[in-house]
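# A structural walkthrough
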Amino acid sequence: MAKHIKSIRGMHDVLPDETHRWQAFEAIIRQLMSTYGYREIRMPLVESTDLFCRSIGEVTDIVEKEMYTFKDRNGDMLTLRPEGTASCVRAGIQHGLLHNQVQRLWYNGPMFRHERPQKGRYRQFHQFGVEAYGIATPDIDAEQILISARLWKELGLKNIRLELNTLGSSEARAAYKQVLVDYLQQHYELLDEDSRRRLETNPLRILDSKNPAMQEMLEQAPALFDHLDEESRVQFDKLRTLLDAVGIEYSINPRLVRGLDYYCKTVFEWITDELGAQGTICAGGRYDGLVEQLGGKPTPAVGFALGMERILALLEAQQEQAAETIDVYMVLLGEACELKGLQLAETIRDRLPGLKMLCHCGGGSMKSQMKKADKSGAELALIMGEDELNRQTFTVKYLRSKKEQQNVAFADTADFLADIQQQATTEQT
Ligand code: ATP
Ligand code: MG
């Protein structure tokens, strides 16, 4: 019997049970992009190897060790695309879409990188990418951050944070590079093997190192921020003003440098702590020099790409969590309270059919019941002991926030919970 042929390591089938999740995600993307006036572009999966070497950079991880490159039957060097931006710029130049015009574009499809496969890191993975050409001002940077933020909202994703930095102009970056190399050379004995190699090739990437032994030394390194050109500084301030005005929260991470050479000025990443080491779900920034570098006329550009597998994984994890948790846990101390609690719970359920409420059964101390309330994932506990029963009120304890505890009359409890539900849904939309 012949051996069964399997899919390539790190390249996965999407089976019929899962395709509906992809389709729903893609439908949201398509709809969202049209509401912001972005149009879809579809590029080939295979390009000249040269395109990626000239754009992503010869000494980046992608070009050095991750590309699927092969000679075709004519002897031409081709590469399965590891990302979409280079192809998008190539297509834009080739078809005259970029010169003296504004383009807002998006694409979505498989990318290929020969990395070590693990959770959230595959050899064939899918990116949704957004690019805008012809606008040099930071309002378009803000627009793209808003698009991504709205996408999280529409998907119902929670607990993701935005990190922001500016890399400055390429001239400012080149000047800073020298300052950084000088500093790192003074601490050569602390550098790991990878960093020693990068010292020659791509010293900025050393800042990105996760090696714990190097953290303290890197914290002390001269900051790019102190070597910025005036224009980049002004642009970054404007971007921050815009983001503040639309209520987007962010933190500035001066060591955020991104792994591709073509970025300048604004860079950003959306990060979650719920996916382990593969926590960056979306990343992007400005790349004003790339169009010219690939043979076009100078054209400002900004874009981002998100990893669809990582987002679907996060979504699934959060939905599972939500399905398992309840909204309210009723803590009932003593037989009289158990009886009253049972009655009240039924009237509340009549009023609020969607509410997920657990009444404690089986007795036990306040401490043991509160422990169970906490474990249940409930937002709040309604507590009834002898005192509460006499006063005909619950003590309300918030289990997930620092809000102070309060009292609510038995008769008002359903209204009170309805208000809270209402608030939660408006916060989500
Ligand atoms: P990482 O630091 O995780 O390797 P990256 O900087 O190489 O990411 P980009 O090239 O900016 O990533 O790609 C944008 C997004 O695509 C990433 O934020 C991530 O969500 C996703 N992505 C990148 N590489 C992979 C991969 N091998 N498998 C799955 N998703 C990926
Ligand atoms: Mg990578």
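Everything below is about the structure shown above.
Computed from a predicted model, the values in this text were never measured in an experiment. Residue indices begin from 1 for each chain and proceed along its sequence in written order. Chains carry letters from A onward and ligands carry numbers from 1 onward, assigned in written order. With the structure being a predicted model, the display of local features is reserved for residues of pLDDT at least 70 and the display and counting of side-chain atom pairs for 80 or more, all residues being used for whole-chain, interface and lining totals. Hydrogens and water molecules were not included; the side-chain quantities draw on all heavy atoms of the structure.

## Some words on the site of ligand 1
For ligand 1, the set of nearby residues contains 16 residues, the closest of which are R113, E115, R121, Q127 and R258. Under this definition, polar contacts are N or O atom pairs within 3.5 Å; protein pairs additionally need one hydrogen-donor-capable and one acceptor-capable atom, and for neighbouring residues in sequence, both atoms have to be side-chain atoms. Between ligand 1 and T280, the relevant distance is 2.9 Å, taken from an oxygen atom to a main-chain nitrogen or oxygen of the residue. In isolation ligand 1 exposes 580 Å². Once the protein is present, 86% of that is buried. Mapped by element, the contributors of at least two residues to the shell around ligand 1 are β6 (124–133), β10 (280–286) and β11 (301–307). At four residues, β10 tops the list of elements feeding residues into the shell around ligand 1. Nearness is defined per residue: one heavy atom within 4 Å of the molecule or strand is enough. Surface accessibility follows the Shrake-Rupley procedure with a 1.4 Å probe radius. Residue values consider only the protein chains on display as shielding. Strands here mean DSSP runs of E at least two residues long; helices mean DSSP runs of H or I at least four residues long; both are numbered from the N terminus.

## Here we look at the sheet that holds strand β16 (residues 406–409)
Here five strands make up an open sheet; going across it, the order is β13-β12-β14-β15-β16 and the pairing mixed. Strands at the two margins of the open sheet, each flanked by one partner only, are β13 (357–359) and β16. The mean angle between the axes of side-by-side strands here comes to 25°, regardless of whether they run parallel or antiparallel. A pair of strands is treated as paired once DSSP finds two or more bridges between them. Two strands pair when backbone bridges link them, and strand β12 (residues 328–332) and strand β14 (residues 380–384) are joined in this way by five bridges, in the parallel orientation. Across the sheet, M330 pairs through a bridge with L382, a residue of β14. In this analysis, axes come from line fits to C-alpha atoms, helices being fitted only over the stretch in contact, and the angle between any two N-to-C directions falls in the range 0 to 180 degrees.

## Concerning a nonpolar patch on the surface
The patches reported here contain residues having more than 30% relative accessible area and no salt bridge. Joining distances are 9 Å for like charges and 5 Å for nonpolar side chains (Val, Leu, Ile, Met, Phe, Trp, Tyr). Any carboxyl oxygen of Asp or Glu that lies within 4 Å of a side-chain nitrogen of Lys or Arg is treated as forming a salt bridge with it. There is a patch of nonpolar side chains on the surface, built from L45, V46 and F70 and spanning about 210 Å² of accessible area. Within the fold, V46 resides in strand β2 (residues 46–48). The class of V46 is partly exposed, set by a relative accessible area of 32%. Working definition: with a 1.4 Å probe on protein chains only, accessible area under 20% of the residue-type maximum means buried, over 50% means exposed, and in between means partly exposed.

## Quick word on the packing of aromatic side chains
Stacked, tilted and edge-to-face are the three classes applied to pairs of Phe, Tyr and Trp rings, where Trp contributes its six-membered ring and a pair requires centres within 6.5 Å; stacked means planes under 30 degrees apart, edge-to-face means over 60, and tilted covers the rest. In the structure shown here, the tally under the stated rule is nine aromatic pairs. Seen from their ring centres, W152 and W270 are 5.7 Å apart, and the 75° between their planes marks the pair as edge-to-face. With a gap of 118 residues between them, W152 in helix α5 (residues 138–155) and W270 in strand β9 (residues 264–272) connect regions that are remote in the sequence. By relative accessible area, W152 is classed as buried at 4%. We classify W270 as buried; its relative accessible area is 6%. Each ring, one from F394 and one from F410, has its centre 4.9 Å from the other, and the planes form 65°; the classification is edge-to-face. Remark: F410 occurs in the loop between β16 and α15 (413–428) and F394 occurs in strand β15 (residues 393–398); sequence separation between them is 16 residues. In terms of burial, F394 and F410 fall into one category: buried.

## Some words on the state of the cysteines
When two cysteine sulfur atoms are found within 2.5 Å, that pair is recorded as a disulfide. Enumeration according to the criterion identifies zero disulfides in this entry. Free cysteine C53: the closest other cysteine sulfur is in C88, separated by 19 Å. Taking relative accessible area as the criterion, C53 reaches 16% and is therefore assigned buried. No disulfide involves C359; its sulfur sits 6.6 Å from that of C361, the nearest cysteine. With a relative accessible area of 14%, C359 lands in the buried category.

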